[in-house]
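Read off the chains here:
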Amino acid sequence: MATKRSSSSSSESDAKKKIVRAWCDGCFDMVHFGHANFLRQASKLADELYVGIHSDEEISHNKGPPVMTLAERTTMVQAVKWVAGVVPSAPYITELAVMDKNNCDFCVHGDDVTLAADGEDAYRYVRQAGRYQECPRTKGVSTTNLVGRMLLMTKEHHHHSPVKAGSATGDSKSPYTGKADFLLTSDIIQDFLASSDPKPGDRVIYVAGGFDLFHAGHVDFLKKARELGDYLIVGLHSDKDVNEQLGQNFPIMHIYERALSVGACRYVDRVEFPAPFVMTQEFMDRVKPYKVVHGLTHRATDEVWDSMYELPKKQGIYVEVDSGSSLTTDTIIDRILKNRRDYEERNRKKEAREVSFIEKST
C-alpha cells in the first residue's frame, strides 16, 4: 500500500531540486519590445534567466559603436520583468566558462545570426558543446530599424493597426536586417499587457506620456513613481497626440510598440492606451489615482501643459519627481544624428557580413 509523503519530505525534495538557469547575451542597444519578447520566450525555457550584456568596447570592435552606454543598457535589461540576473561586460563571443561561472545550464539565442568581427558565428562554442537553444526572433523591429526611422525621418511607422510594423531600412538583402512585419499575438498580449486590478486599499499611481524610444531615463522615473504607491498605471498618448505636440516624425515608435516596451517593465502594473491627452473627470473616476506623477521636464507648451493636468492639480494629487537621470528621447536622437555616418556604416557592414555568412552556409 502506498503511503503519502510527509510535507517535510516534500519540502526537502523541493529544496534539493536543481534550479535550471538559462543564459543569453547581447548588445541590448536601445532596448525595445523585440528584445523583451526574446527574453520572455527565453525565460520560459528555464526556471531563471541570466542575461550577459556586452561592453561598449566589445560592441564597437565587433559590430560598430553602440547608441547607449553599458550602464544605460544594464538599467534597461534589469528592468525587464522576465530577467532574474544581469552580467555586465559579457564577452561578445559566448564563452562556456562565463556561463559556468554564473551556473547557467544552456544558452538561448534568437533564430537570426550574430557574427563577430572575423565574420564567424559568435555562438559557435556553445553550439559545439550542445548547450545552445533557439527561440524565434521578433520580426518587424530592431535597433537597426529604429535608427533607420530616425535617419530617414519618415512617418510610415505611424499606423493604427496592431498587425504590421514595417521597418525603414531600405532595400535590404539580409533577412535579419531587412524589412519585416510584426504580428501581435494573443500570447504576447497576455504576457506583456495582462494585469490584475489593484487590491482594496492599494494606492494607485498614474503617469502619462509618450514614452517614445523607451529608455533608462524612463525606467528610472517609473521606478521612482512606483515607490510613491502600490500600483502603477502608465497611460500612453496616441501617435496623433504625440505628433501634434512634437511634429516631424514623432513618435519614432508607434503606440503598440510603445505599449509593449512599457508593459515589459517590472515596475509597471498596467498600461492604458491610448490614454486621454487631457485628464478628464470621467477618466479620473475610473482610474482613481492616489497621485498623478510626472517628471521635472516636459515638452508641451505651458498652455497645453496646464490643461493636461488641470484636474489633478486642483485636487492636490499632482506630484513631480526627479528621476535622477539626464537621459531623454531627444538625447538619444541627438547621439544618432551627430554620429549619422558611423551608424549608417555600422548597419551597412552588419548586413554585408550577414549576407556573406548566409552565402557561405548555403
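Calculation criteria
Residues numbered from 1 in each chain as written. Predicted model: local features only at pLDDT ≥ 70, side-chain atom pairs only at ≥ 80, totals over all residues. Heavy atoms only, no water. Phe/Tyr/Trp six-rings, centres within 6.5 Å; stacked < 30°, edge-to-face > 60°. Helix = DSSP H or I, 4+ residues; strand = E, 2+ residues; numbered from the N terminus. Buried < 20%, exposed > 50% of the residue type's maximum accessible area, 1.4 Å probe, protein only. Lys NZ or Arg CZ within 6 Å of the ring centre and 35° of its normal. Pairing = 2+ DSSP bridges. Axes fitted to C-alpha atoms, helices over the stretch in contact; angles between N-to-C directions. pLDDT = per-residue confidence, 0-100. Contact = heavy atoms within 4.5 Å. Salt bridge = Lys/Arg side-chain N within 4 Å of Asp/Glu carboxyl O.

### Considerations on the packing of aromatic side chains
Reasoning step 1: Taken as a whole and assessed by the stated rule, the structure comprises 7 aromatic pairs.
Reasoning step 2: Look at W82 and F192: their rings are 5.0 Å apart centre to centre, the planes differ by 70°, and that puts the pair in the edge-to-face class. Taken together, the residues W82 in the loop between α4 (70-78) and β3 (85-90) and F192 in helix α8 (residues 186-193) connect sequence positions 110 residues apart.
Reasoning step 3: For W82, a relative accessible area of 17% gives the class buried.
Reasoning step 4: Of the residues examined, F192 reaches a relative accessible area of 2% and is grouped as buried.
Reasoning step 5: Through successive ring pairs, a cluster of aromatic residues spans W305, Y309 and Y318.
Reasoning step 6: Note that R21 overlies the ring of Y50, its terminal NZ or CZ placed 3.9 Å from the centroid.

### Regarding the sheet that holds strand β5 (residues 132-135)
Reasoning step 1: Sheet architecture is open: 5 strands sit in the order β3-β2-β1-β4-β5, paired in parallel fashion. Either end of the sheet is taken by a strand with one partner, and the two such strands are β3 and β5. Averaged over all pairs of adjacent strands, the angle between their axes in this sheet comes to 30°, without regard to strand direction.
Reasoning step 2: Across 5 bridges, strand β2 (residues 48-54) lies against β3 in parallel orientation. Counted as the bridge partner of I53 is P88 from β3.

### A few points about the confidence of the model for the protein
Note: predicted coordinates in regions of low pLDDT should not be interpreted at a detailed level.
Reasoning step 1: Looking at the protein as a whole, the pLDDT averages 86, with 85% of positions reaching at least 70.
Reasoning step 2: Within the model, pLDDT remains below 50 along residues 174-180, and this stretch shows 28 contacts once partners closer than five positions in the same chain are excluded.

### Observations regarding unusual backbone geometry
Reasoning step 1: The omega torsion of the bond from F250 to P251 falls at -5°, within 30 degrees of zero and hence cis.
Reasoning step 2: Mapped onto the elements of the fold, P251 is located in the loop between α10 (239-246) and α11 (255-263).
Reasoning step 3: Between F273 and the following residue, P274, the backbone shows a cis peptide bond with an omega angle of -10°.
Reasoning step 4: Mapped onto the fold, P274 is located in the loop between β8 (270-272) and α12 (281-287).
Reasoning step 5: Phi at S89 takes a positive value of approximately 60°, unusual for a residue other than glycine.
Reasoning step 6: As for its placement among the helices and strands, S89 is situated in strand β3.
Reasoning step 7: The phi dihedral of L213 falls on the positive side, at around 50°, and the residue is not glycine.

### Section: the pattern of salt bridges
Reasoning step 1: Considering all chains together, one arrives at 22 salt bridges under this definition.
Reasoning step 2: Between E244 and K240 there is a salt bridge; the shortest N-O distance is 2.7 Å. With E244 and K240 both in helix α10 and 4 residues apart, this pair spans about one turn of that helix. For the pair E244 and K240, one class covers both residues: exposed.
Reasoning step 3: Each of the salt bridges in this network shares a partner with another, and the network as a whole consists of R40, K44, D187 and D191.

### What to know about the pairing of β2
Reasoning step 1: The buried fraction of β2 is high, at 6 of 7 residues.
Reasoning step 2: Direction of pairing for strand β1 (residues 21-26) relative to β2: parallel, over a ladder of 6 bridges. Note that in β2 the partner of R21 across the bridge is E48.

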